[in-house]
2 protein chains.
Amino acid sequence: MNKADQHFSANSGASVGVVVPQTAHFDEPIMLACGRELSNYDLVYETYGELNETKSNAVLICHALSGNHHAAGVHSEQDSKPGWWNECIGPGKPIDTNKFFVLSLNNLGGCHGSTGPTSINPDTGKPWGPDFPVLRARDWVHTQARLADRLGIACWAAVVGGSLGGMQAMRWSLEYPQRVKHCVTIASAMKLSAQNIAFNEIARQAIISDTGFAGGRYLESDSVPAKGLGLARMVGHITYLSDDAMARKFGRNLRSGTLETGNDDSIEFQVESYLRYQGSQFSENFDANTYILMTRALDYFDLAREYNNDPVAAFSQASCSFLVLSFSTDWRFSPQRSLEIVNALIAAGRPVSYAEIEANQGHDAFLLPIPRYLDVFNAYMQRVAVNL
Amino acid sequence: MNKADQHFSANSGASVGVVVPQTAHFDEPIMLACGRELSNYDLVYETYGELNETKSNAVLICHALSGNHHAAGVHSEQDSKPGWWNECIGPGKPIDTNKFFVLSLNNLGGCHGSTGPTSINPDTGKPWGPDFPVLRARDWVHTQARLADRLGIACWAAVVGGSLGGMQAMRWSLEYPQRVKHCVTIASAMKLSAQNIAFNEIARQAIISDTGFAGGRYLESDSVPAKGLGLARMVGHITYLSDDAMARKFGRNLRSGTLETGNDDSIEFQVESYLRYQGSQFSENFDANTYILMTRALDYFDLAREYNNDPVAAFSQASCSFLVLSFSTDWRFSPQRSLEIVNALIAAGRPVSYAEIEANQGHDAFLLPIPRYLDVFNAYMQRVAVNL
């Protein structure tokens, strides 16, 4: 790994630079898993790197709950905030844009440009809002496949995702076994636990209980469920971090006031004001109906449901190789959940590489530049690049 | 432990029977830690067992966040729901009412009869609401001491509590070292972690964000922050249970609908409807301002703050013996937190017994009839009873 280490230190600042989102419009109706049909839709996406002549070097990035198409680079020279997976995508990075053509899209139902609850429902001329169809991970996979068709990509060198993104990557391996050579599933699970569903339910109830939600028709009533969405984000923030990570980041430090008497209304711990700030920021940048839709897709996801609840039978449909990664302190998508994936893959005879990364950042670790994580990820992707 | 096992199985149905709450009124003003004075107040309490002649067999029960004075027995022959710690208090149970006189009160600031935010503020003639003084654990200890004075109890055989109750028990050992012979601290901590504070902050924000909260003056405006309080309770429910406990209790079972299409609005997992029901029940039985006050007391609690942040210096003030208990899957008050207490006690030269109980129910375990828990608790209390 020494060579890789040097490689990363030399390229830690490397970026794909300024990127411009594109929009693909689809006029062919799509039948959704829920039984409803969408007559047309847009998908907004970004690409990084160059598609090779044989179109064999394409990597698909699937985003998680609150993600979007902007995974790497910046939107202008002045833009100080790069895409959400900039640590992993770029020249010399694990998903090396010198070798791969990377496609990252905003999923159907999203709120960053792709058709979703904030789009206009052609039947009513008003925003879809709560009437937008319920989506499942397979709907995303199908629409992603159509986008691949549009770009002439017959087979992905790799489909890659963390968390909910990892669920999509696994679903790809079952829905289109001939169109995926490698599946990279990071900090994910074959299905959520009751505890995970419960946390998502708190988030949804927080949103729905906000009077600003107006039954989901807040865009029509000119209200915003900002507090509810902020609370939902707070739940995410706490549970995606480990206890240790919060202790290191905040401890019990006060932002203001004094604990001696506990009498000052302005007393607050730093962790409180941080959460309120993050919650308030999020509510300005994310759509409440999309948040509900995405958490529902997470809850409903059950890889093996249509395979007699047998994960081995499910993965027997796949024909790609797998990389599975987990993080030691991730308590919402614990290493145990990843091991279940690995065990099913082995029983199904699929080639699989697995690593549990020691990291104290909880579920958030999959977004962070943890050296061993980047090393393992990079080593696997170099193998992918050899056989393009 | 065989004898103890037989003992419990023979007495598992034993109860203190029908109990009648009593109210003690205090006219002497009390200076609170926040610097404000309360001119008079009521404390509602229950007692179980008989006070002996020398008044040496009294045990004080300190309640946790959502607890109250009704710890054991029932309120009528028809009452099917016994007090919250009925598993541990009664004839032949760990806190054996054949041997001990047990006192359980509703803390100041509570909402079950003791003076608190729902009481009338004598200065305004309206409910205190959000103007009720901020309380700290030591305020409870001081008011509990006055109640002991009233009953002629010079020294407790034991002060006992779980969670926030355990914090009060520890504070007792420092504030009144000559008035406590044994301190039993269960599933507690010397101070909360940032993660714990963060979960409490979510609960508070859920309540405050509810328009029914009306800035805390809901009693005056005839509104109820039912949804916010329900959400707060949901956070508690999820985090006080272990992941395993939720999996066993609910799994991914559906209450209604089908996951095949994910299209039915009525689809919900059992865990969702359970949480909504519990949240809604709680909001009918608990006061929102009290919930905020109690979580603030939890967050502020820091055993060693006034002792140069040195727990050893703090416990050097104590002169009682200690029993410390923790539960293996309790992730909000983990065994690590209990071990910190034990280590400080040992360094301070205090006698301490410690057990980590294997239990898969998370923080809630302290309320449940787990055989080894009851055995250890019982064995310790028998020792307490020997030297009354």
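Calculation notes
Residues numbered from 1 in each chain as written. Chains lettered and ligands numbered in written order. Predicted model: local features only at pLDDT ≥ 70, side-chain atom pairs only at ≥ 80, totals over all residues. Helix = DSSP H or I, 4+ residues; strand = E, 2+ residues; numbered from the N terminus. Rg over C-alpha atoms; globule rule 2.2 N^0.38 Å. Buried ≥ 20, exposed ≤ 12 C-beta atoms within 10 Å, placed from the backbone. Contact = placed C-beta atoms within 7 Å. Pairing = 2+ DSSP bridges. Axes fitted to C-alpha atoms, helices over the stretch in contact; angles between N-to-C directions. Expected span 1.5 Å × (residues − 1). Least-squares fit on C-alpha atoms with pLDDT ≥ 70 in both. Right-handed = clockwise from strand over helix to strand, strands pointing away. Parallel < 35°, antiparallel > 145°, perpendicular 65-115°, else oblique. Left-handed = near helix turned anticlockwise from the far one by under 90°. Nonpolar A, V, L, I, M, F, W, Y, C, P; charged D, E, K, R; others polar. pLDDT = per-residue confidence, 0-100. Core = buried A, V, L, I, M, F, W, Y, C linked by C-beta atoms within 7 Å.

All right, on to the overall build of chain A then. When helices and strands are counted, chain A shows 12 helices and 16 strands. Taken over the C-alpha trace, chain A has a radius of gyration of 21 Å; the compact-globule value for 388 residues is 21 Å, and the two agree within 12%. The principal-axis extent of the C-alpha atoms belonging to chain A is close to 65 × 55 × 50 Å. Taken over 388 residues, chain A has a buried fraction of 56%. If you take every contact in chain A between residues at least 6 apart in sequence, the share linking residues at least 24 apart comes to 71%.

Moving on, we come to the environment of Glu 46 of chain A. Residues and elements named next belong to chain A. Its place among the elements puts Glu 46 in strand β4 (residues 41–48). For Glu 46, a count of 23 C-beta atoms within 10 Å puts it in the buried group. Along the primary structure Glu 46 and Ala 206 are separated by 160 residues, whereas in three dimensions their C-alpha atoms are 32 Å apart. Discounting chain neighbours no more than four positions away, the residues touching Glu 46 are Val 19, Pro 21, His 69, His 70, Ala 71 and Ser 104.

A few words now on the sheet that holds strand β12 (residues 182–186) of chain B. All names here are of chain B. Spatially, the 8 strands line up as an open sheet ordered β1-β4-β8-β5-β11-β12-β15-β16, and their pairing is mixed. The open sheet has two edge strands with one neighbour each: β1 (22–26) and β16 (352–357). Taken over all neighbouring pairs, the strand axes of this sheet differ in orientation by 20° on average, direction set aside. As judged from the 6 bridges shared by strand β15 (residues 321–327) and β16, these two strands associate in the parallel manner. From the neighbouring strand, Leu 325 faces β16, where its bridge partner is Ala 355.

The next subject is helix α11 (residues 335–347) of chain B. Residue and element names in this part refer to chain B. With 13 residues, α11 extends 18 Å between its outermost C-alpha atoms, agreeing within 8% with the 18 Å of an ideal straight helix rising 1.5 Å per residue. Listed as buried for α11 are Pro 335, Arg 337, Ser 338, Ile 341, Ala 344 and Leu 345. The inward-facing, buried residues of α11 contact β12, α10 (311–315), β15 and β16. One or two positions beyond α11, positive phi appears at Gly 349, with a value near 75°.

All right, on to the relation of the copies chain A and chain B then. Superposing chain A onto chain B takes a rotation of 180° combined with a translation of 0.0 Å along the rotation axis, leaving an RMSD of 0.0 Å. Here the two chains are linked by the operation of a two-fold rotation axis. An overlap of 100% is found between the interface residues of chain A and their copies at the interface of chain B, pointing to a shared contact surface.

Bringing the pairing of strand β12 (residues 182–186) of chain A into the picture now. Residue and element names in this part refer to chain A. The buried count for β12 comes to 5 of 5 residues, which makes it a mostly enclosed element. As judged from the 4 bridges shared by strand β11 (residues 158–162) and β12, these two strands associate in the parallel manner. Across the sheet, Gly 161 pairs through a bridge with Thr 185, a residue of β12. Handedness of the crossover joining β11 and β12 through helix α3 (residues 164–175): right-handed. Note that β12 and strand β15 (residues 321–327) share 5 bridges and pair parallel. Bridging across to β15, Cys 183 finds its partner in Phe 322.

Right, let's talk about the interface of chain A and chain B for a bit. Contact residues are listed per partner, giving 43 residues for chain A and 43 residues for chain B. A total of 10 residues in the side of chain A that touches chain B trace back to one element, the largest contributor, which is helix α4 (residues 194–209) of chain A.

Taking 1.5 Å as the rise per residue, helix α4 (residues 194–209) of chain B with 16 residues should run 22 Å; its terminal C-alpha atoms sit 22 Å apart, in good agreement. In terms of burial, α4 of chain B is a largely internal element, 14 of the 16 residues being buried.

Between α4 of chain A and helix α8 (residues 270–285) of chain B, the least distance of the axes is 9 Å, while the angle of their chain directions is 50°. What the angle tells us is that α4 of chain A and α8 of chain B run oblique. The chirality of how α4 of chain A crosses α8 of chain B is right-handed. Seen from α4 of chain A, the contacting residues are Ala 194, Ile 197, Ala 198 and Glu 201 of chain A; seen from α8 of chain B, they are Val 271, Glu 272 and Leu 275 of chain B. Grouping the amino acids of the contact of α4 of chain A with α8 of chain B by side-chain chemistry returns 5 nonpolar, no polar and 2 charged.

Glancing now at the environment of Pro 117 of chain A. Residue and element names in this part refer to chain A. Mapped onto the secondary structure, Pro 117 falls in the loop between β8 (101–105) and β9 (120–121). By the C-beta count within 10 Å, which is 24 here, Pro 117 ends up buried. Put simply, Pro 117 and Asn 308 are 191 residues apart on the chain and 33 Å apart in space, counted from C-alpha to C-alpha.

So, on to the confidence of the model for chain A. All names here are of chain A. Taken residue by residue, chain A gives an average pLDDT of 93. The fraction at 70 or more is 94%. Here residues 1–11 is a poorly scored stretch, pLDDT under 50, and it has 10 contacts once near neighbours within four places are set aside; other chains count. What the predictor reports for the complex is a pTM of 0.91 with an ipTM of 0.88.

So, on to unusual backbone geometry. Residues and elements named next belong to chain B. Residue Lys 55 is not a glycine yet carries a positive backbone phi of 55°. Overall, Lys 55 belongs to the partly exposed group, with 16 C-beta atoms counted inside 10 Å. The backbone of Asn 308 shows a phi angle near 55°, a positive value even though the residue is not glycine. The residue Asn 308 is located in the loop between α9 (288–300) and α10 in this model.

Val 59 of chain A together with Val 59 of chain B are the most contacted members of the largest nonpolar core, which has 236 residues in total. Setting aside residues no more than four positions away along its own chain, Val 59 of chain B makes contact with Ile 95, Phe 100, Val 102, Trp 156, Ala 157, Ala 158 and Val 160 of chain B.

The next thing to look at is the packing of helix α2 (residues 137–150) of chain A against α3 of chain A. Residues and elements named next belong to chain A. Where α2 meets α3, the axes come as close as 9 Å, and the angle between the chain directions of the two elements is 65°. It follows that α2 is roughly perpendicular to α3 by the angle criterion. For the crossing formed where α2 meets α3, the hand is right-handed. When α2 is examined against α3, the residues Ala 137, Arg 138, Trp 140 and Val 141 are found in contact with a partner set consisting of Met 167, Gln 168, Arg 171, Trp 172 and Glu 175. Counted by class, the contact of α2 with α3 contains 5 nonpolar, 1 polar and 3 charged residues.

Residue and element names in this part refer to chain A. Taking strand neighbours across the sheet as the criterion, the 8 strands line up as β1-β4-β8-β5-β11-β12-β15-β16 in an open arrangement whose pairing is mixed. The sheet terminates laterally at β1 (22–26) and β16 (352–357), the two strands that pair on one side only. Across the sheet, the mean angle separating the axes of adjacent strands is 20° when strand polarity is ignored. Direction of pairing for β1 relative to β4: antiparallel, over a ladder of 5 bridges. Within β4, the residue paired with Thr 23 across the bridge is Val 44.

All names here are of chain A. Structurally, the position occupied by Pro 82 is in the loop between β5 (58–62) and β6 (89–90). Note: C-alpha distance between Pro 82 and Asp 139 (57 residues apart in sequence) is 28 Å. Every residue in contact with Pro 82, bar those within four places of it in the chain, is listed here: Ser 15, Ala 72, Gly 73 and Val 74.

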